[in-house]
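Each chain, letter by letter, is given below.
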Amino acid sequence: MKLGVVMNSLNVAKGDSTTLRVSTNAAQRGHEVFISSAREFSYEVDEVVGGFAKRLPTKAFASPEELLAALDEVPMEPIVVDELDVLWLRTNPASQAAW
């Protein structure tokens, strides 16, 4: 199964977050998991929604910090939303609001 996970920002992701734990477990069970932020998506001229995401490694990590370090090394790759089986929106608008 191809899973797309949209987070607020990859730069502020915490390794012990529920989102990364569920995503990592899915990748370790053989699913293709792509992590991205909303700013990486666009609506193309040919009416396709696509963007760039990082494919989550399938190996087990000893710690959340090790996972985030490995994720930093993964290159962004193009994805098309229509080719995903699931697009999981895990954004928190309140964390981006300037109150």
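For the structure itself, look to the data block above.
Residues numbered from 1 in each chain as written. Predicted model: local features only at pLDDT ≥ 70, side-chain atom pairs only at ≥ 80, totals over all residues. Heavy atoms only, no water.

Enquirer: Would you explain the nonpolar core in this entry?
Expert: Among soluble globular proteins, nonpolar side chains are generally buried collectively. The biggest cluster of nonpolar side chains holds 12 residues, and these are L3, V5, M7, L20, A26, A27, V33, I35, L56, F61, L67 and L71. Counting residues per element, the ones that place at least two in this core are β1 (2-7), α1 (18-28), β2 (32-37) and α2 (64-73). Those residues in contact with L3, other than ones at most four positions away along the chain, are A26, H31, E32, V33, F34, L84 and V86. (Core = buried A, V, L, I, M, F, W, Y, C linked by side-chain atoms within 4.5 Å. Buried < 20%, exposed > 50% of the residue type's maximum accessible area, 1.4 Å probe, protein only. Helix = DSSP H or I, 4+ residues; strand = E, 2+ residues; numbered from the N terminus. Contact = heavy atoms within 4.5 Å.)

Enquirer: Honestly, the environment of T24 in this entry has me stumped. Any pointers?
Expert: Assignment of secondary structure puts T24 in helix α1. Excluding anything up to four places from it in sequence, T24 contacts L56 and L67.

Enquirer: I would appreciate a short explanation of the side chain of K54 in the present structure.
Expert: Residue placement: K54 occurs in strand β4 (residues 49-55). Notably, K54 is buried but unbridged: the nearest opposite-charge side chain belongs to D72, and the N-O separation is 4.8 Å. Beyond its immediate stretch of four places on either side in the chain, K54 contacts L10, V33, F34, I35, L71, D72, V74, P75 and M76. (Lys, Arg positive; Asp, Glu negative; His and termini not counted. Salt bridge = Lys/Arg side-chain N within 4 Å of Asp/Glu carboxyl O.)

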